[in-house]
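So you can see what is in the structure, the chains are spelled out below.
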Amino acid sequence: MIEQLNLEDLAWQLAAKVYRLNLHGQLTGRTVFKRLEVSEEELAAAIRDSFTQANDAAYRAMVKLATEAALETYDRVVSDTVRQSRSRHPN
């Protein structure tokens, strides 16, 4: 049970980082190379700055893309970990 909770926490943490990186990149129009995360303050500033540049539909599309990337990351982390666990502990 502890392993499962740690896996879920790790997967959500990675998904949140991917979400922030992806949304920040879309809002600013530039990717953040060589960084593993964007701070909450940086993302908040990018969101504030984007209000004058992005219309509502464009902003929603950016949030949707960032959310999809985050959920895909979560699924990938969980699937890969479960697959590795099964290969180490066959039935």
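What counts, and where the lines are drawn
- Residues numbered from 1 in each chain as written.
- Predicted model: local features only at pLDDT ≥ 70, side-chain atom pairs only at ≥ 80, totals over all residues.
- Heavy atoms only, no water.
- Helix = DSSP H or I, 4+ residues; strand = E, 2+ residues; numbered from the N terminus.
- Buried < 20%, exposed > 50% of the residue type's maximum accessible area, 1.4 Å probe, protein only.
- Contact = heavy atoms within 4.5 Å.
- Areas by Shrake-Rupley, 256 points an atom, 1.4 Å probe, with all protein chains shown as cover.
- Salt bridge = Lys/Arg side-chain N within 4 Å of Asp/Glu carboxyl O.
- Expected span 1.5 Å × (residues − 1).
- Polar contact = N/O pair within 3.5 Å; in protein donor to acceptor, adjacent residues only side chain to side chain.
- Core = buried A, V, L, I, M, F, W, Y, C linked by side-chain atoms within 4.5 Å.
- pLDDT = per-residue confidence, 0-100.

S.K.: Which residues make up the overall build of the protein, and what are the values?
M.R.: Tallying secondary structure elements over the protein gives three helices and zero strands in all. Tracing the protein from N to C terminus, the helices and strands come up as α-α-α. Expressed as a percentage of the 91 residues in the protein, the buried residues total 22%. Intrachain contacts of the protein at a sequence separation of at least 6 include 54% that bridge at least 24 residues. Taken as a whole, the protein presents about 6900 Å² of accessible surface, with 56% of it coming from carbon and sulfur.

S.K.: Talk me through the pattern of salt bridges; I want residue IDs and the actual numbers.
M.R.: All told, the structure shown has six salt bridges when counted by the stated rule. The closest approach of N and O atoms between R20 and E40, which form a salt bridge, is 3.1 Å. Placement of the pair is R20 in helix α1 (residues 2–28) and E40 in helix α2 (residues 40–50), with a sequence separation of 20 residues. The exposure class assigned to R20 is buried, which follows from its relative accessible area of 15%.

S.K.: Provide a residue-level description of helix α3 (residues 56–88), including the pertinent values.
M.R.: Along an α-helix, a turn takes 3.6 residues, which lines up residues three or four apart on a common side. Between its first and last C-alpha, α3 extends 48 Å over 33 residues, near the 48 Å set by a 1.5 Å rise per residue. Those residues of α3 not exposed but buried are M62, A66, A69, A70, T73, Y74 and V77. Where α3 begins, the capping side chain belongs to N55, and its oxygen is found 3.2 Å from the backbone nitrogen of A57.

S.K.: I'd like a rundown of the nonpolar core, residues and numbers included.
M.R.: Residues L23, L27, V38, L43, A46, A54, M62 and A66 constitute the largest nonpolar core, which totals eight residues. At the level of secondary structure, the elements contributing two or more residues to this core comprise α1, α2 and α3. Judged by nonpolar contacts, the second largest core, of six residues, contains L7, A15, A70 and Y74.

S.K.: Describe the confidence of the model for the protein, naming the residues involved and giving the relevant values.
M.R.: Model confidence for the protein is summarised by a mean pLDDT of 83, while 89% of its residues fall at 70 or above. The weakest mean pLDDT in the protein belongs to α1 at 82; the strongest belongs to α2 at 88.

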